[in-house]
Amino acid sequence: MNETIDVVVNGQPRAVARGATLLDLLASLALDPRVVVVEHNRAIVRRPHLGEVTVAPGDAIELVHFVGGG
Amino acid sequence: MTTSVDTIRDTPFAIGGRTFHSRLMVGTGKYRGMDTMVRAIEASGAEIVTVAVRRVDLDRTKQEGVLYHLDASRCFLLANTAGCYTAEEAVRYARLAREAGFNDFVKLEVIGDQETLLPDVQGLLEATRTLVADGFKVLAYTNEDLVTALRLEDAGCAAVMPLASPIGSGLGLLNPYGVRTIKRRLTVPVVVDAGVGTASDACLTMEQGVDGILMNTALAAARDPVAMAHAMRLAVESGRAAFLAGRMPKQEVAVPSSPLEGMLD
């Protein structure tokens, strides 16, 4: 129990609970899935599927959103 | 006594099958405060508002998402690929932006040089072809080169966006001939993007007959962004109206405006 795995989120190493889904990851970061787009190992994961994808050790996850720009 | 003034008949401003009510598009970057940005956008009358795609700041120490401040139901969000230096990178950003779920329009930037932020036209064409095949409506940020603009149109761009001058420079319209030529030769809308510094630049740009202007720094870096947004709104409308009205020919000799007859001896 409480076992964690190491992943890379937005370029930074981060420990997440083993068996966590991408939706769990967003929840642990207090991010609203409606305003964040998730890329998992270079593939976009659509919102309805975030709860179906389990994170594995070494995964690269990008969490992006819209910021001010021209 | 009544006076009738004919309203200027303009064609609708449409890009990628969508009609927009304002020919002025504005960015959301570099504002000193989000409240100022929101009021400037309001004052500009712009409907199309650009945003960038970036990593969420997981420590919450920097800027939060722009959607916390913008009412996405009142504007048309146009995501850009600013900061991308290769076609592959720009395509990746465009796909992430589309996934946000607003629309399939993208303001495509593939930058080729860090100092001038001038576009890499080869990368731009490559990314355009990929994104068009993927169903995107591509608005391509380019230079004022006609041949590149023609190729972008051939590649399926929804609009071509030549620069007035380098991004954030405020140097105004450096090559009116180039921009005018692109407008004359292309069928898709031509929207000048980048380099406009003040209202006269916007007016002069619209007088070339282009379909619209996108600006960001001219508003964000003005002493009073909200007042400048108002000025730009008027300038874009004024420049468009002057273009439609058709300016008088230029000549290098004076022609009196008052009659030569009836002068006193």
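Computed from a prediction, not measured in an experiment: that's the story for all the values here.

### As for the overall build of chain A
Argument step 1. Within chain A one finds 1 helix and 5 strands.
Argument step 2. Taken from N to C terminus, the helices and strands of chain A fall in the order β-β-α-β-β-β.
Argument step 3. Expected size for 70 residues packed as a compact globule is a radius of gyration near 11 Å; at 12 Å, chain A falls within 12% of this value.
Argument step 4. Projected onto the principal axes, the alpha-carbon positions of chain A cover approximately 45 × 25 × 20 Å.
Argument step 5. Per-residue burial over chain A gives 27% buried out of 70 residues.
Argument step 6. Considering only intrachain contacts with a sequence separation of at least 6, the fraction spanning at least 24 residues in chain A is 54%.

### Description of the overall build of chain B
Argument step 1. Helix and strand counts for chain B come out as 8 helices and 10 strands.
Argument step 2. At 20 Å, chain B has a C-alpha radius of gyration in line with the 18 Å of a compact globule built from 265 residues.
Argument step 3. When its C-alpha atoms are laid out on the principal axes, chain B stretches across 85 × 40 × 35 Å.
Argument step 4. Buried positions account for 45% of the 265 residues belonging to chain B.
Argument step 5. When contacts within chain B are restricted to residue pairs at least 6 apart in sequence, those whose partners lie at least 24 apart make up 63%.

### Structural notes on the nonpolar core
All names here are of chain B.
Argument step 1. Counting residues in hydrophobic clusters, the biggest one holds 94 residues, and the most contacted among them are Leu 108, Leu 139, Ile 213 and Met 232.
Argument step 2. At 7 residues, the largest contribution of residues to this core is made by helix α2 (residues 87-99).
Argument step 3. Setting aside its immediate chain neighbours within four residues, Leu 139 contacts Ile 15, Phe 105, Val 106, Lys 107, Leu 108, Cys 157, Ala 158, Ala 159, Met 161 and Val 191.

### A closer look at the interface of chain B and chain A
Argument step 1. Taken together, the contacts link 26 residues of chain B with 19 residues of chain A.
Argument step 2. Sorting elements by how many residues they give to the side of chain B that touches chain A places strand β4 (residues 48-55) of chain B first, with 6 residues.
Argument step 3. When its residues are assigned to classes, the side of chain B that touches chain A shows 13 nonpolar, 9 polar and 4 charged.
Argument step 4. Sheet topology places strand β5 (residues 60-68) of chain A next to β4(B); 5 bridges connect them, and they run antiparallel.

### Looking at helix α6 (residues 199-207) of chain B
Since one α-helical turn is 3.6 residues long, residues separated by three or four positions face the same way.
Argument step 1. Looking only at α6(B), the buried set comprises B:Asp201, B:Ala202, B:Cys203, B:Thr205, B:Met206 and B:Glu207.
Argument step 2. Residues of α6(B) that are buried sit in contact with β9 (191-193), β10 (212-215) and α8 (225-245) of chain B.

### What to know about the environment of B:Cys84
All names here are of chain B.
Argument step 1. Considering the arrangement of structural elements, one finds Cys 84 in the loop between β5 (76-80) and α2.
Argument step 2. Judged by local crowding, Cys 84 falls into the buried class, with 22 C-beta atoms found within 10 Å.
Argument step 3. The sequence separation of Cys 84 and Leu 108 amounts to 24 residues, and the corresponding C-alpha distance is 9.2 Å.
Argument step 4. If sequence neighbours within four positions are ignored, Cys 84 has contacts with Glu 89, Ala 90, Tyr 93, Glu 109, Val 110 and Ile 111.

### Focus: the pairing of β4(B)
Residues and elements named next belong to chain B.
Argument step 1. Burial analysis of β4 places 7 of its 8 residues in the buried class, the great majority of the element.
Argument step 2. Judged from the 4 bridges that link them, β4 and β5 form a sheet pairing that is parallel. When the sheet's bridge partners are listed, Val 49 is paired in β5 with Leu 77.

### What about unusual backbone geometry?
Residues and elements named next belong to chain A.
Argument step 1. Of note in this structure, Asn 10 is not a glycine but carries a positive phi near 50°.
Argument step 2. In this fold, Asn 10 is placed in the loop between β1 (4-9) and β2 (12-17).
Argument step 3. Note on Asn 10: 16 C-beta atoms within 10 Å, which makes it partly exposed.
Argument step 4. The phi angle at Asn 41 is positive, at roughly 50°, despite the residue not being glycine.
Argument step 5. Inspection of the secondary structure assignment puts Asn 41 in the loop between β3 (37-40) and β4 (43-45).
Argument step 6. Asn 41 gets classed as partly exposed once you count the C-beta atoms within 10 Å, which come to 13.

### Some points on the confidence of the model for chain B
The predicted coordinates should not be examined in detail at positions where pLDDT is low.
Argument step 1. This prediction gives chain B a mean pLDDT of 94; 96% of its residues lie at or above 70.
Argument step 2. Reported confidences for the modelled complex are a pTM of 0.90 and an ipTM of 0.93.

### Quick look at the packing of α2(B) against helix α3 (residues 121-133) of chain B
Working note: a packed helix pair is described by the angle between its axes plus the distance between those axes.
Residue and element names in this part refer to chain B.
Argument step 1. At a closest axis distance of 8 Å, the pairing of α2 and α3 adopts a crossing angle of 40°. By the angle class used here, α2 and α3 are oblique. Here α2 runs over α3; the crossing is right-handed. From α2, Ala 87, Ala 90, Val 91 and Ala 94 reach across to α3, where they touch Gly 123, Glu 126, Ala 127, Thr 130 and Leu 131.
Argument step 2. Its residues placed into classes, the contact of α2 with α3 shows 6 nonpolar, 2 polar and 1 charged.

### Looking at the confidence of the model for chain A
Argument step 1. Overall, the predicted model of chain A reaches an average pLDDT of 93, with 97% of residues at or above 70.
Argument step 2. Between the elements of chain A, mean pLDDT differs from a low of 94, seen in β2(A), to a high of 97, seen in β3(A).

### Some words on helix α4 (residues 146-154) of chain B
All names here are of chain B.
Argument step 1. Among the residues of α4, Thr 148, Ala 149, Arg 151, Leu 152 and Glu 153 are the ones counted as buried.
Argument step 2. Among the structural elements, α3, β7 (137-142), β8 (159-162) and α5 (176-185) are those in contact with the buried residues of α4.
Argument step 3. Gly 156 sits one or two positions beyond α4 and adopts a positive phi of about 105°.

Conventions and cut-offs
- Residues numbered from 1 in each chain as written.
- Chains lettered and ligands numbered in written order.
- Predicted model: local features only at pLDDT ≥ 70, side-chain atom pairs only at ≥ 80, totals over all residues.
- Helix = DSSP H or I, 4+ residues; strand = E, 2+ residues; numbered from the N terminus.
- Rg over C-alpha atoms; globule rule 2.2 N^0.38 Å.
- Buried ≥ 20, exposed ≤ 12 C-beta atoms within 10 Å, placed from the backbone.
- Contact = placed C-beta atoms within 7 Å.
- Core = buried A, V, L, I, M, F, W, Y, C linked by C-beta atoms within 7 Å.
- Nonpolar A, V, L, I, M, F, W, Y, C, P; charged D, E, K, R; others polar.
- Pairing = 2+ DSSP bridges.
- pLDDT = per-residue confidence, 0-100.
- Axes fitted to C-alpha atoms, helices over the stretch in contact; angles between N-to-C directions.
- Parallel < 35°, antiparallel > 145°, perpendicular 65-115°, else oblique.
- Left-handed = near helix turned anticlockwise from the far one by under 90°.

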